[in-house]
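Now for the letters of each chain:
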Amino acid sequence: MEQALDTTLTVNGQSVTRRIPARMNLVDFLREELGLTGSHVGCEHGVCGACTVRVNGEIVRGCLMLAVQADGCAVETIEGLSDSGELAKLQKAFHEKNALQCGFCTPGMLLAARDLLKRNPKPDREQIRAHISGNYCRCTGYQAIVDAIEEVVAHG
Amino acid sequence: MKAPSFAYAKPRALEEALALLSRAEAKALAGGQSLIPSLNMRLSAPELLVDITGLEALKGIRLEQDVVRIGALATHAEIERSEAVAKHVPLLAEAVQHVAHPAIRNRGTIGGSLALADPAAEYPACALALDATLVVAGTEGRRQVKATEFFKGLFETALRPGELIVAVEFPAQLKDQRTAFAELARRHGDYAIVGLAAFAANGTKRFAFFGAADRAVLARHAAQAKDLEAAKQALAKDLQPPADLYHSPATKLHLARVLLERTWNRLSTPR
Ligand SMILES: Cc1cc2nc3c(=O)[nH]c(=O)nc-3n(C[C@H](O)[C@H](O)[C@H](O)COP(=O)(O)OP(=O)(O)OC[C@H]3O[C@@H](n4cnc5c(N)ncnc54)[C@H](O)[C@@H]3O)c2cc1C
Ligand code: FES
Ligand code: FES
């Protein structure tokens, strides 16, 4: 029989308690149980980065963490980080530089880019590339994404 | 794909974890950055996952006399930011830059990587080059295993069923010792095509290659060679790399020689 565990976490600042099957990963929980479909599901084995979310301030793969492991954690998603305005400059730059086409990779890219800028407000192009190296984009060819992040570095 | 169903336990004490892990169908879950992909792809189907991330005894990085003791649960990100590692185990500080991507580094652990023993992973080679010692625990008690005795084959180690790695101890680097790390990968953060962790101290050299055999290996003939040319020749006796999807054995051996050359010169330059 499937084991489920009572799990309490905060998601974008709100406390949530649910009984969650042990095998459910965090991104499926956010999407299917909470309706937060901004975090995407691509490869489900850690390669593409589409599922990137923040747990206790650090970016992680939502497909490589069990939802029950988030018990007691603070989880932030693209929805929360958009609403709070934390990503506003990056979002504007992505828009202006055409850094998205289908948009599937964009939430993960924005979280990875924001993570870099929090640690290092003045990264060079190589450092930007290294930091988003774990995020696949099948549309843009990456140049425009790096340009957009550089734009925020240059003009704040 | 989605993981098959399993039971989940998160013990607070090492003894409790070891008791749970002594069951045949149980598996330890650390960072989950290798185990969860294998569950999602249904390559593995344990009945019980024992989440060890709550075990304090497996945490922390600290200098203890002449070794840096790294708890099995230290994440790649913690190793990257550790002052003790940067100062006393510079080889590892260099190597960690090549381990996966930021979001994975925030959860993946050194204990998980050593236990997995992926032939293209960075840490096993560092452990060989620096002659590190693993501290492991089971229901029968603790024991110490030299890195040179630990890696037994493709994803195979000296861990007995139910045993956990508690920590790994790296000798703190002395003034007259030098190390160098080099890796070739298709993309930054990917597993290596070929990589090399190298160590030198008056007269002794150790070259630990990864991505060049079924496990990380010490190139013993090359380490005995008098000069670089002889070492490059001798490497053919140490390595018979298997082909991967993109590279023939000959290409891999060539690339291993390129890395040997790059690190050789750094080992002979004072820090
Ligand atoms: C896209 C991607 C790229 C990656 N690139 C690299 C790379 O370039 N280099 C690299 O080295 N790694 C890479 N990894 C793997 C990553 O480093 C993992 O974190 C690591 O291999 C396993 O550590 P973990 O803590 O996640 O272990 P888990 O996935 O939790 O466990 C892995 C295995 O080790 C066992 N285990 C875990 N901890 C212990 C312990 N303390 N004692 C005994 N057994 C234990 C588990 O039972 C399991 O069998 C990559 C992963 C992904 C998803
Ligand atoms: S869906 Fe998680 S990394 Fe691809
Ligand atoms: S915009 Fe389509 S995947 Fe990046």
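Not measured: the values here are computed from a predicted model. (Residues numbered from 1 in each chain as written. Chains lettered and ligands numbered in written order. Predicted model: local features only at pLDDT ≥ 70, side-chain atom pairs only at ≥ 80, totals over all residues. Heavy atoms only, no water.)

Enquirer: Give me the domain arrangement of chain A: which residues, what numbers.
Expert: Residue and element names in this part refer to chain A. By the assigned domains, chain A splits into domain 1 (4-81) and domain 2 (87-155). Look at where the C-alpha atoms of domain 1 and domain 2 centre, and you get two points 22 Å apart. Counting residues at the interface gives 18 residues for domain 1, matched by 15 residues for domain 2. Connecting domain 1 to domain 2 are one salt bridge. One salt bridge connects Arg119 with Glu58, and the closest N-O pair in it is separated by 2.9 Å. (Domains from an automatic or database assignment. Contact = heavy atoms within 4.5 Å. Salt bridge = Lys/Arg side-chain N within 4 Å of Asp/Glu carboxyl O.)

Enquirer: Any chance you could break down the domain arrangement of chain B for me, citing the residues and the numbers?
Expert: Residues and elements named next belong to chain B. As assigned here, chain B comprises domain 1 (7-51), domain 2 (56-171) and domain 3 (177-268). Here the C-alpha centroids of domain 1 and domain 2 sit 19 Å apart. Contact with domain 1, which involves eleven residues of that partner, is made by 14 residues of domain 2. Both sides together, the interface formed by domain 1 and domain 2 hides about 950 Å², and carbon and sulfur atoms give 75% of it. (Buried area = accessible area lost by both parts, 1.4 Å probe.)

Enquirer: Outline the side chain of Asn40(B), supporting the account with residue identities and numerical values.
Expert: Considering the arrangement of structural elements, one finds Asn40(B) in helix H2 (residues 35-40). For Asn40(B), a relative accessible area of 3% translates into the label buried. When sequence neighbours within four positions are dropped, the list of residues in contact with Asn40(B) reads Asn25(A), Glu44(A), Cys63(A), Leu64(A), Met1(B), Lys2(B) and Ala3(B). (Helix = DSSP H or I, 4+ residues; strand = E, 2+ residues; numbered from the N terminus. Buried < 20%, exposed > 50% of the residue type's maximum accessible area, 1.4 Å probe, protein only.)

Enquirer: Just give me the short version of the layout of surface pockets, but keep the residues and values in it.
Expert: If a probe the size of a water molecule is rolled over the atoms, the empty space left behind becomes visible. Its volume calculated, the second largest pocket comes out at about 560 Å³. For the lining of the second largest pocket, the secondary structure elements donating two or more residues are strand S4 (58-61) of chain A together with helix H3 (76-81) of chain B. Looking at the lining of the second largest pocket, the element that brings in the most residues is H3(B), giving three residues. (1 Å grid on protein atoms, 1.4 Å probe; cavity = no way out; pocket = protein on both sides within 12 Å on 5 of 7 lines; lining within 4 Å. Points joined across faces, edges and corners; volume = space filled by probe spheres on them.)

Enquirer: Could you give an account of the site of ligand 1, with specific residues and numbers?
Expert: Taken together, 35 residues lie around ligand 1, and Ala28(B), Gln33(B), Leu35(B), Thr109(B) and Glu122(B) are the ones closest in. At the site occupied by ligand 1, nearby residues are drawn from chains A and B. Taking Ala28(B), its main chain carries an N or O atom lying 2.6 Å from an oxygen atom of ligand 1. For ligand 1, an oxygen atom lies 2.8 Å from a polar atom in the backbone of Ala30(B). Its free accessible area being 970 Å², ligand 1 has 93% of it covered by the protein chains. With five residues, helix H7 (residues 110-116) of chain B is the single largest residue contributor to the shell around ligand 1. (Near = heavy atom within 4 Å. Polar contact = N/O pair within 3.5 Å; in protein donor to acceptor, adjacent residues only side chain to side chain. Areas by Shrake-Rupley, 256 points an atom, 1.4 Å probe, with all protein chains shown as cover.)

Enquirer: Describe the interface of chain A and chain B, with residues and values.
Expert: Each partner contributes residues to the interface: chain A has 26 residues there, and chain B has 29 residues. Regarding the contact of chain A and chain B, the summed buried area is about 2400 Å², with carbon and sulfur atoms giving 53% of it. Summed over the three residues of chain A that lose the most area to chain B, namely Arg23(A), Leu64(A) and Gln69(A), the buried surface amounts to 26% of that side. Run the count over chain A and chain B and you get three salt bridges. Where Lys2(B) meets Asp28(A), a salt bridge forms, and the shortest distance between an N and an O atom there is 2.8 Å. In this assembly, chain A and chain B are joined by 14 residue pairs in polar contact (both at pLDDT 80 or more). Of all the secondary structure elements, the ones that give two or more residues to the side of chain A that touches chain B are S4 and helix H5 (125-131) of chain A.

Enquirer: Summarise the sheet that holds strand S14 (residues 217-218) of chain B; cite the residues concerned and give the values.
Expert: Residue and element names in this part refer to chain B. In spatial order, the strands read S11-S12-S13-S14; together these four strands make up an open sheet with antiparallel pairing. Edge strands, defined here as strands with exactly one partner in the open sheet, are strand S11 (177-184) and S14. Sheet topology note: the S11/strand S12 (residues 194-201) ladder contains eight bridges and is antiparallel. Residue pairing across strands places Ala182 opposite Leu196, the latter belonging to S12. The sheet strands contacting helix H8 (residues 122-129) are S11, S12, strand S13 (204-210) and S14, and the helix crosses S13 at an angle near 165 degrees. (Pairing = 2+ DSSP bridges. Axes fitted to C-alpha atoms, helices over the stretch in contact; angles between N-to-C directions.)

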